[in-house]
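Chain by chain, the residues run as shown.
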Amino acid sequence: MPELPEVETVRRGLLPRLVGRQIVRLQQRRRDLRVPLPSKFAARVEGRTVSAIDRRAKYLLIRLDDGQTLIAHLGMSGRMTLHDAASAASHPLDRHDHVVFDIDDGWQVRFNDARRFGLMLLVADDAVPQHKLFKGLGPEPLDETFDGAMLALRLAGRKTPIKAALLDQKTLVGVGNIYACEALFLAGISPRRSAHTVQGERADRLVAAIKRVLSRSIEDGGSTLRDHIQPGGELGYFQTRFNVYDRAGIACPTRGCGNTVRRLVQAGRSTFYCVRCQR
């Protein structure tokens, strides 16, 4: 599933092509994705200008000039790709291109979702913060206000393993399985450690590691393991920098460690770590 860096990569790829441009045509090629597509979708979007594109957690928020926000989620396999006029003409629509936006300058945005776990909703701007999708979500890990003290407060009293706490979107948003493994490694914290013990300097280290891992992945265009591509068609390459994720049995990258990366299953998810470097 696309995580925060992949969604942020898509947002940044769409910005120069959509913001300030008018959507002249919307092709809706099926009735629903994970949930039904908006009623009278084309009529409500055609003719509207995109005023901004924001992100909350793993959701794209495409702001329209009439006070509506198009909320989009990529699901497990969704992607949004850009095509100029020549590319659109030479590449026929795929059967999984479920929603297509034609822009006034000739560009086209295709929302492709083979598994149909994504979604698109139209919501009034002022109703977005209170929408059920965002109710109870934790802070954004890349916000300047998110620091060790804030994380420690959210972990206080929690007896669950720290890895599971990081995947809980009520703790903080957007840190999925890959980036939780990598951040815990950089911070030298065992994924088994009880969350309530991550306080003080340990919490500071973990926040710094989370910010570092997410920022580097965004710079690299995200991680392409199966479905993720950038809007321009490029693959992300952060997977080439993995220290522990999916590296079970391979030597720990810490110089002088001498151990190999181990894999364990926590709450049905694979966790990768070094038993020597992470305490």
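Structure: above.
Please read these numbers as outputs of a predicted model, since none were measured by experiment. (Residues numbered from 1 in each chain as written. Predicted model: local features only at pLDDT ≥ 70, side-chain atom pairs only at ≥ 80, totals over all residues. Heavy atoms only, no water.)

Thoughts on the overall build of the protein
Working step 1: Counting its regular elements, the protein contains seven helices and ten strands.
Working step 2: For the protein, whose C-alpha radius of gyration is 20 Å, the value lies close to the compact-globule estimate of 19 Å for 279 residues.
Working step 3: Oriented by its inertia axes, the alpha-carbon framework of the protein measures out at about 60 × 40 × 30 Å.
Working step 4: Restricting the contact set of the protein to residue pairs at least 6 apart, pairs at least 24 apart contribute 65%.
Working step 5: When the accessible surface of the protein is totalled, it reaches about 12,800 Å², and 48% of it is carbon and sulfur.
Working step 6: Averaged over its 44 positive side-chain charges, the protein has a centre that lies 9 Å from the centre of its 30 negative ones. (Helix = DSSP H or I, 4+ residues; strand = E, 2+ residues; numbered from the N terminus. Rg over C-alpha atoms; globule rule 2.2 N^0.38 Å. Contact = heavy atoms within 4.5 Å. Areas by Shrake-Rupley, 256 points an atom, 1.4 Å probe, with all protein chains shown as cover. Lys, Arg positive; Asp, Glu negative; His and termini not counted. Charge placed at Lys NZ, Arg CZ, Asp CG, Glu CD.)

Let's talk about the sheet that holds strand 8 (residues 119-124)
Working step 1: Spatially, 2-3-4-8 is the arrangement adopted by the four strands of the open sheet, whose pairing is antiparallel. Two strands bound the open sheet, and with one partner strand each, they are strand 2 (50-56) and strand 8. Geometrically, the sheet is characterised by an average inter-axis angle of 20° between neighbouring strands, direction not taken into account.
Working step 2: Bridging between strand 4 (residues 68-73) and strand 8 involves six bridges; their strand directions are antiparallel. (Pairing = 2+ DSSP bridges. Axes fitted to C-alpha atoms, helices over the stretch in contact; angles between N-to-C directions.)

Some details on the packing of aromatic side chains
Working step 1: Considering all chains together, one arrives at three aromatic pairs under this definition.
Working step 2: Each ring, one from Tyr 59 and one from Phe 134, has its centre 5.2 Å from the other, and the planes form 80°; the classification is edge-to-face. Of the two residues, Tyr 59 sits in strand 3 (residues 59-64) while Phe 134 sits in the loop between strand 8 and helix 4 (148-155), which places them 75 residues apart along the sequence.
Working step 3: Ring plane angle 80° and centroid distance 5.4 Å describe the contact between Phe 242 and Tyr 245, whose orientation is recorded as edge-to-face. Accessibility classification places Phe 242 together with Tyr 245 in one group, the buried group.
Working step 4: Among the aromatic side chains, those forming a connected cluster through ring pairs are Phe 242, Tyr 245 and Phe 272.
Working step 5: Across from the ring centre of Trp 107, 4.2 Å away, lies the NZ or CZ of Arg 17, which sits over that ring. (Phe/Tyr/Trp six-rings, centres within 6.5 Å; stacked < 30°, edge-to-face > 60°. Buried < 20%, exposed > 50% of the residue type's maximum accessible area, 1.4 Å probe, protein only. Lys NZ or Arg CZ within 6 Å of the ring centre and 35° of its normal.)

Quick notes on the pattern of salt bridges
Working step 1: In the structure shown here, the tally under the stated rule is 17 salt bridges.
Working step 2: Arg 216 is the salt-bridge partner of Glu 219, the closest N and O atoms lying 3.7 Å from each other. Within this pair, Glu 219 and its partner Arg 216 are both found in helix 7 (residues 200-219), separated by three residues, close to a single helical turn.
Working step 3: Judged by its relative accessible area of 58%, Glu 219 falls in the exposed class.
Working step 4: Overall, the relative accessible area of 36% leaves Arg 216 in the partly exposed class.
Working step 5: One salt-bridge network, in which partners are shared between bridges, spans Glu 8, Arg 11, Arg 12, Arg 55, Arg 56 and Glu 140. (Salt bridge = Lys/Arg side-chain N within 4 Å of Asp/Glu carboxyl O.)

Notes on helix 7
Working step 1: Under the 1.5 Å per step criterion, the end-to-end length of helix 7 is 29 Å for 20 residues, consistent within 8% with the ideal 28 Å.
Working step 2: Within the sequence span of helix 7, burial applies to Ala 203, Leu 206, Val 207, Ala 209, Ile 210, Val 213, Leu 214, Ser 217 and Ile 218. Seen from one end, helix 7 has its buried residues packed into an arc of 165°, which puts them on one side. Turned more than 90 degrees off the buried face of helix 7, the exposed positions are Arg 212 and Glu 219.
Working step 3: Buried residues along helix 7 sit in contact with helix 1 (4-18), helix 4, helix 5 (162-167) and helix 6 (177-187). (Expected span 1.5 Å × (residues − 1). Arc of directions from axis to C-beta.)

Some points on the side chain of Gln 27
Working step 1: Note that Gln 27 resides in strand 1 (residues 23-28).
Working step 2: Given a relative accessible area of 16%, Gln 27 falls into the buried group.
Working step 3: A polar side-chain atom of Gln 27 sits 3.5 Å from a polar atom in the side chain of Asp 102.
Working step 4: Those residues within four positions of Gln 27 in sequence are excluded, and the remaining contacts are Leu 93, His 98, Val 99, Val 100, Asp 102 and Gln 108. (Polar contact = N/O pair within 3.5 Å; in protein donor to acceptor, adjacent residues only side chain to side chain.)

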